Structure formats: C-alpha cells, structure tokens
Amino acid sequence: MNVDKVKKPIAKQVKKGFHGYPLVSLEYFGEANSGKTPDSASEVVISYTEEEGAESQKQTFASGGDAREDETIHSTLLKIIERADAKPVTEVDGVSNLPS
C-alpha cells in the first residue's frame, strides 16, 4: 500500500473539524537542531479522549525515519481511528520538539 493512500483518509477526517466526542488527536515530534523547529518527525503521539473533561489515553509510535512518511505507522493510526469510531480527528500543525 502507498503511504499517500493511508494518509488521505486521515487528512480527510482532520479537515472535518471538531464535532463531538470521542476525539482523536495526532501530534508529531522531532529533535530540533540548535533550538530550531525540527525538520522531520521521529515520533507520533495519538491521543484518545472519550468525553469532555476525561483524561486522554496516549500511545507513541517511533520511526527510524520521518514518522509523517511511515506507511506502517499511518496504517496503524488509521485502524485506531476507525476502531475508536472517533467523530473528530485533530492534528497539531508542524513538528513539535521532543520533550527533554
């Protein structure tokens, strides 16, 4: 399977915007060089929130390359989103710095 074929349904869900719970959120992380914004993501964190005010369940996936282009990771993320029957899917823009 092509990585774009897996990324497209996720992007479609993200574009729908917020409209209730359960909520799935995606955030990509990478290491910054010299304090700059990272160019590639080594990890992605998927968060699942059942209802407003509930604590999020989080799972992290790591990649040897850029996690944003990892077909295996995106296939897994898509399966999680489908099984969770998430109404909205949100994504943090860009790549965040890995926490120290």
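Because the structure is a prediction, the values reported are computed rather than measured.

Here is what the cut-offs are and how they apply
- Residues numbered from 1 in each chain as written.
- Predicted model: local features only at pLDDT ≥ 70, side-chain atom pairs only at ≥ 80, totals over all residues.
- Heavy atoms only, no water.
- Salt bridge = Lys/Arg side-chain N within 4 Å of Asp/Glu carboxyl O.
- Helix = DSSP H or I, 4+ residues; strand = E, 2+ residues; numbered from the N terminus.
- Buried < 20%, exposed > 50% of the residue type's maximum accessible area, 1.4 Å probe, protein only.

Asks: What is the right way to read the pattern of salt bridges from this model?
Replies: When their charged atoms lie close together, side chains carrying opposite charge are able to pair. Scanning the model with the defined rule gives two salt bridges in all. The partner of Lys7 in a salt bridge is Glu69, and the shortest N-O contact between them spans 3.0 Å. Taken together, the positions of Lys7 in helix α1 (residues 3–15) and Glu69 in the loop between β3 (57–62) and α2 (71–84) put the pair 62 residues apart, joining distant regions of the chain. Among the residues examined, Lys7 registers a relative accessible area of 24% and is labelled partly exposed. Relative accessible area serves as the criterion here: at 45%, Glu69 is assigned to the partly exposed category. For Asp66, the salt bridge identified is with Arg68, shortest N-O distance 2.7 Å. Under the relative-accessibility criterion, Asp66 is labelled partly exposed at 22%.

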